Amino acid sequence: MSPTSDSVGPSRPVLSWFVLALVVILAVGGFFWMERKIEALQATTAPHPDIGSQEVKQALIPLQQAVQDVRANQQKISAQVDDLRRKTAAEGGERKLLSDQLGALSSRVDALSSANGDSNITAPPQSQKKGNRKR
């Protein structure tokens, strides 16, 4: 029995060392393979952020131009509004002046009509005589 146990015994440690060596070799090979894969993925993905940032920069150019156009239009509109305010204020002053002048004329017309009314009290007989002569 001992010859069978001796023949099986020494091959078992060799086989276990062989399996262990094979596992270590496969682990190291897997580690290097994964590292190469990771480096390859990083190499392929590294240019994309630069391209993406370039695309973003190119997309921002029209947006920046649009913002500048909006600001320029806003300034134009602001200048137009200020001009309209000045014109409105000037017209308001002119209206006030015209209103004051109209009030003065109205008071003169009232004074003349009241003076004419006073003279008409004494004048109706004369106007009737003039009216009779024309007939």
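Rules used throughout
- Residues numbered from 1 in each chain as written.
- Predicted model: local features only at pLDDT ≥ 70, side-chain atom pairs only at ≥ 80, totals over all residues.
- Heavy atoms only, no water.
- Helix = DSSP H or I, 4+ residues; strand = E, 2+ residues; numbered from the N terminus.
- Areas by Shrake-Rupley, 256 points an atom, 1.4 Å probe, with all protein chains shown as cover.
- Phe/Tyr/Trp six-rings, centres within 6.5 Å; stacked < 30°, edge-to-face > 60°.
- Patch = residues over 30% accessible without salt bridge, like charges linked within 9 Å, V, L, I, M, F, W, Y side chains within 5 Å.
- Salt bridge = Lys/Arg side-chain N within 4 Å of Asp/Glu carboxyl O.
- Buried < 20%, exposed > 50% of the residue type's maximum accessible area, 1.4 Å probe, protein only.
- pLDDT = per-residue confidence, 0-100.

### Let's talk about the overall build of the protein
Piece 1. Within the protein, the regular secondary structure consists of 3 helices and 0 strands.
Piece 2. The order of α-helices and β-strands along the protein, N terminus first, is α-α-α.
Piece 3. Of the roughly 12,300 Å² of accessible surface on the protein, 64% is carried by carbon and sulfur atoms.

### Details of the packing of aromatic side chains
Given two aromatic rings, one states the distance between the centres and the angle between the planes to describe the pair.
Piece 1. Here the structure, examined in full by the defined rule, presents 1 aromatic pair.
Piece 2. A ring pair is formed by Phe31 and Phe32, whose centres lie 5.8 Å apart and whose planes are at 65°; its orientation type is edge-to-face.

### Remarks on a nonpolar patch on the surface
Piece 1. A cluster of nonpolar side chains, namely Leu15, Phe18, Val19, Leu22, Val23 and Leu26, defines an oily patch on the protein surface of about 590 Å² accessible area.
Piece 2. When you line up the elements, Val23 lands in helix 1 (residues 2-45).

### Digging into the pattern of salt bridges
Piece 1. Taken as a whole, this structure holds 4 salt bridges when the rule is applied.
Piece 2. Among the salt bridges present, the one from Arg86 reaches Asp83, with a minimum N-O distance of 3.5 Å. Taken together, the positions of Arg86 and Asp83, both in helix 2 (residues 47-122) and 3 residues apart, correspond to about one turn of that helix.
Piece 3. Note on Asp83: relative accessible area 30%, which makes it partly exposed.
Piece 4. Asp83 serves as the salt-bridge partner of Lys87, at 3.5 Å between the closest nitrogen and oxygen. Residue Lys87 and its partner Asp83 are both found in helix 2; the two are separated by 4 residues, about one turn of the helix.
Piece 5. The class of Lys87 is partly exposed, set by a relative accessible area of 46%.

### Regarding the confidence of the model for the protein
Piece 1. Confidence along the protein averages 80 in pLDDT terms, with 76% of residues attaining 70 or more.
Piece 2. The lowest-confidence element of the protein is helix 3 (residues 124-134), averaging 53 in pLDDT; the highest-confidence one is helix 2, averaging 86.

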